[in-house]
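# Chains, contacts and geometry: an overview
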Amino acid sequence: MHPNCSAPPTAVLVHGAFADTSIWAEVSHLLDSAGVAVRTPAVPLRGLAQDAAHLRAVVRDIDGPVVLVGHDYSGAVISQASAGTDHVVALCYVAGFGLDDGECVQDVMDRFAPAPVAAAGFTAAAPAFNELRLSDEEFARLYAAGLPPGQVAALSAAQRPIARAALTDRSGPPAWAAQPCWYAVTLADRIVHPTAQRFMAQRMAATEHLVDASHAVARSHPSAVAAMIQEAAGQRE
């Protein structure tokens, strides 16, 4: 499909590890109210190549420009998914992994002072498939600190487990090297260390938005995240 470049951009919001599409509920509502078309595809969380191919198929089905938004692990996914498409006009990372060529998520985690998640009690969601999820207690303490208990319980119950191998899959050449980028740095994050986030944001020369929030920033500060995405969508030539 050849994209309709005169159409307004569609924001494709991509959830990361230990989440599903519901993480974007408030952000999606705010963007829709502002007239921005939104897609929130589910990601298999099986591995970088498979997840990027899945997302690339979603992007290619959109008739018009796309702003790709990746949270957590899916920062790495959006960096790979935009390769080979002419749809993507901007990349937005929300506490996301902006990996360099040959790098993996674990490399970034190991490069900086450990975030509290390093000592977390992971649950083997499906031992036969070597999948990981956060226990309900650790999810509340690390991922969604500051959210109301009812929201935390719902988000924890809706977790999609991630294959352990996805954390060590190596990135190819990243799209952020040739795309305009934005990055929401979550300053109270206990999953991805804020220092690591700022390192990745500055390496990709992203426009930084600093938010005093936990990893679940899309639910705790949806207006800040939506505003960043609208800013990115407005930068089309």
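Described in the following lines is the structure provided in the data block. (Residues numbered from 1 in each chain as written. Predicted model: local features only at pLDDT ≥ 70, side-chain atom pairs only at ≥ 80, totals over all residues. Heavy atoms only, no water.)

Before going further, it helps to examine the nonpolar core. Counting residues in each nonpolar core, the largest one holds 77 residues, and the members touching the most others are Leu 55 and Tyr 143. If we ignore the near neighbours within four places in the chain, the residues touching Tyr 143 are Ala 17, Phe 18, Ala 19, Ile 23, His 71, Leu 134, Glu 138, Ile 191, Ser 214, His 215 and Ala 216. (Core = buried A, V, L, I, M, F, W, Y, C linked by side-chain atoms within 4.5 Å. Buried < 20%, exposed > 50% of the residue type's maximum accessible area, 1.4 Å probe, protein only. Contact = heavy atoms within 4.5 Å.)

Glancing now at the packing of aromatic side chains. Aromatic rings considered in pairs are described by the distance between their centres and by the relative angle of their planes. Per the stated rule, a full pass over the model turns up 3 aromatic pairs. Judged by centre distance (4.6 Å) and plane angle (15°), the rings of Phe 139 and Tyr 143 are stacked. Of this pair, Phe 139 and Tyr 143 are both found in helix α5 (residues 136-143), 4 residues apart, which corresponds to roughly one turn of the helix. One exposure class covers both Phe 139 and Tyr 143, and it is buried. (Phe/Tyr/Trp six-rings, centres within 6.5 Å; stacked < 30°, edge-to-face > 60°. Helix = DSSP H or I, 4+ residues; strand = E, 2+ residues; numbered from the N terminus.)

Taken as a whole, this structure holds 0 disulfides when the rule is applied. The thiol sulfur of Cys 92 is not disulfide-bonded, and the nearest other cysteine sulfur, from Cys 181, lies at 8.4 Å. What makes Cys 181 buried here is its relative accessible area of 5%. (Disulfide = S-S within 2.5 Å.)

Let us now look at unusual backbone geometry. Here the phi dihedral of Phe 18 falls at roughly 65°; this positive angle occurs in a residue that is not glycine. Within the secondary structure, Phe 18 sits in the loop between β1 (10-14) and α1 (25-33). The class of Phe 18 is buried, set by a relative accessible area of 8%. The phi dihedral of Ala 95 falls on the positive side, at around 50°, and the residue is not glycine. Within the secondary structure layout, Ala 95 lies in the loop between β4 (88-94) and α4 (105-111). Taking the relative accessible area as the measure of exposure, Ala 95 reaches 0% and is therefore buried.

Quick look at the sheet that holds strand β3 (residues 66-71) now. The pairing of strands in a sheet happens through backbone hydrogen bonds and is either parallel or antiparallel. One open sheet accounts for 6 strands, arranged β2-β1-β3-β4-β8-β9; its pairing is parallel. Looking along the sheet, the strands with just one partner apiece sit at the ends: β2 (37-39) and β9 (207-211). The mean angle between the axes of side-by-side strands here comes to 20°, regardless of whether they run parallel or antiparallel. Bridge count for β1 against β3 is 5 bridges, and the pairing is parallel. Within the sheet, the bridge partner assigned to Ala 11 lies in β3 and is Val 67. (Pairing = 2+ DSSP bridges. Axes fitted to C-alpha atoms, helices over the stretch in contact; angles between N-to-C directions.)

Following the sequence through the fold, Leu 91 ends up in strand β4. According to the relative accessible area criterion, Leu 91 is buried, its value standing at 0%. In this structure the C-alpha to C-alpha distance between Leu 91 and Gln 179, which are 88 residues apart in sequence, comes to 6.9 Å. Not counting the four nearest positions on each side in its chain, Leu 91 is found in contact with Leu 68, Ile 78, Ser 82, Ala 175, Trp 176, Gln 179, Pro 180, Cys 181 and Trp 182.

Turning our eyes to something else, we now look at the packing of helix α2 (residues 48-60) against helix α3 (residues 74-81). Between α2 and α3, the least distance of the axes is 8 Å, while the angle of their chain directions is 60°. One element, α2, and the other, α3, form an angle in the oblique class. Read as a crossing pair, α2 and α3 show a hand that is right-handed. Taken together, the residues of α3 that come into contact with α2 (itself represented by Leu 48, Asp 51, Ala 52, Leu 55 and Arg 56) are Ala 76, Val 77, Ile 78, Gln 80 and Ala 81. Classifying every residue of the contact of α2 with α3 gives 7 nonpolar, 1 polar and 2 charged. (Parallel < 35°, antiparallel > 145°, perpendicular 65-115°, else oblique. Left-handed = near helix turned anticlockwise from the far one by under 90°. Nonpolar A, V, L, I, M, F, W, Y, C, P; charged D, E, K, R; others polar.)

Here Ala 213 is to be found in the loop between β9 and α8 (217-220). Put simply, Ala 213 and Val 185 are 28 residues apart on the chain and 8.7 Å apart in space, counted from C-alpha to C-alpha. Not counting residues up to four positions away in its chain, the partners in contact with Ala 213 are Thr 186, Leu 187, Ala 188, Asp 189, Ser 220 and His 221.

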